[in-house]
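# Secondary and tertiary structure notes
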Amino acid sequence: MQEEEVVALLRATTLLKELDEPALARLAARSVVRRYRRGQVVLTEGDPADTLLVVASGRLKVLTTADDGRDHVLNIAGPGDTLGELNIVEAGPRSASVEALEPSEAVVLDRAAVWELVRERPAVAEQLIRALVAHVRRLTGANADLVFLDLPRRVAKLLLMRMRESGRPLIELGLTQTEIASLLGGSRQSVNQALREFEKRNWILAEGQTVTILQVERLRRFAGD
C-alpha cells in the first residue's frame, strides 16, 4: 500500500476519522503494512499489547482459547475495522488472539504513536471512548443473546446482521459452520440444523458459505430483531 492509501484507510475508521491530513500522514508514516495468509496467527493471546491494527482487506477473527483447547470466536473484523483499542488505553497482555480467516492485509500502528494523538487531540480521545463503549455494548449484547435466545435465533440474528453490513440480501458469510458455531456458542450440528430449517421454511437459500435471505421480515420476527 502507498502512503496515501494508508491515509485514506485511516480516515475511513471510526476511531481516527476526526484527524486532519497532517495527523493522518504522521500516523501513516509510522505504520507498517502486513499481509497474512489464511489461517495465519496475527496476534497471540497473552503477548504484549503494543499495537493497533486496521484491517485493509480480508477478514480477521478474534478468539480466545479455553483450558480444554477449544476456541471461542468473539468477533469477525473486516475492512475498515480496528483491533486493539483497549491496548491504547492500557498496554497489558493481549486478551485475545487474532487469526486470518482469508488472505488479509492490515495496517499496524504503534501504540505510542496513537497515544500521542489521543493526548494531543480531544476528538481522538472522544472517538476512542466511543469505540470502547461500542466494544462493551457488543459483548453485552452477545452475552444477552446467549442467555435469552436459543441457537436458531442467534443464527438468524447473525444472518440479519451480515445482511445489514452488506446492504443486500445476498450474504457471503465466509465462515464454516464450525466457525459460526464457535462465534454463537453452539455446535456445528445445531448450526446446520438451523440453516436447514430456515431453508425448509423458504426463508433463506444456502449454497456453501453464501446465503440469500428470501424472506427478511419472517426472519426478523423469528429472531426478535
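Residues numbered from 1 in each chain as written. Predicted model: local features only at pLDDT ≥ 70, side-chain atom pairs only at ≥ 80, totals over all residues. Heavy atoms only, no water.

Before going further, it helps to examine the packing of helix H1 (residues 3–11) against helix H2 (residues 21–29). Remark: H1 packs on H2, axes separated minimally by 9 Å, with the N-to-C direction vectors making an angle of 115°. Crossing handedness for the pair H1 and H2: right-handed. Residues Glu 3, Val 6, Val 7, Leu 10 and Arg 11 of H1 lie in contact with H2, whose contacting residues are Glu 21, Leu 24, Ala 25, Leu 27, Ala 28 and Ala 29. Considering only residue class, the contact of H1 with H2 consists of eight nonpolar, no polar and three charged. (Axes fitted to C-alpha atoms, helices over the stretch in contact; angles between N-to-C directions. Helix = DSSP H or I, 4+ residues; strand = E, 2+ residues; numbered from the N terminus. Left-handed = near helix turned anticlockwise from the far one by under 90°. Contact = heavy atoms within 4.5 Å. Nonpolar A, V, L, I, M, F, W, Y, C, P; charged D, E, K, R; others polar.)

This paragraph deals with H2. Within H2, burial applies to Ala 23, Leu 24, Leu 27 and Ala 28. Taken end-on, H2 shows its buried residues confined to a sector of 140°, consistent with a single buried face. In H2, the exposed positions angled more than 90 degrees off the buried face are occupied by Pro 22 and Ala 29. In this structure, the buried residues of H2 make contact with H1, strand S8 (104–110) and helix H4 (111–120). (Buried < 20%, exposed > 50% of the residue type's maximum accessible area, 1.4 Å probe, protein only. Arc of directions from axis to C-beta.)

Attention shifts here to helix H6 (residues 151–166). Taking 1.5 Å of rise per residue, 16 residues should cover 22 Å, and H6 covers 23 Å from first to last C-alpha, within 8% of that figure. Those residues of H6 that sit buried are Leu 151, Arg 154, Val 155, Ala 156, Leu 158, Leu 159, Leu 160, Arg 162 and Met 163. Positive backbone phi, approximately 80°, marks Gly 167, located one or two places after H6. (Expected span 1.5 Å × (residues − 1).)

In this section: the UniProt feature "domain: HTH crp-type" (unreviewed entry) in the protein. Taking the numbering used here, the UniProt-annotated feature "domain: HTH crp-type" (unreviewed entry) corresponds to residues 149–217. Overall, residues 149–217 shows 57% helix and 16% strand. The separation of its end C-alpha atoms is 18 Å. (UniProt positions renumbered as here; feature names shortened; annotations may be inferred.)

Strand order in the open sheet formed by four strands is S2-S7-S4-S5, and the pairing between neighbours is antiparallel. Of all strands in the sheet, those with a lone pairing partner are strand S2 (41–43) and strand S5 (71–77), marking the two edges. Strand-to-strand twist in this sheet, taken as the mean axis angle between neighbours without regard to direction, amounts to 35°. Where S2 meets strand S7 (residues 97–100), two bridges bridge the pair, whose relative direction is antiparallel. Bridging from a neighbouring strand, Leu 43 pairs with Val 98 of S7. (Pairing = 2+ DSSP bridges.)

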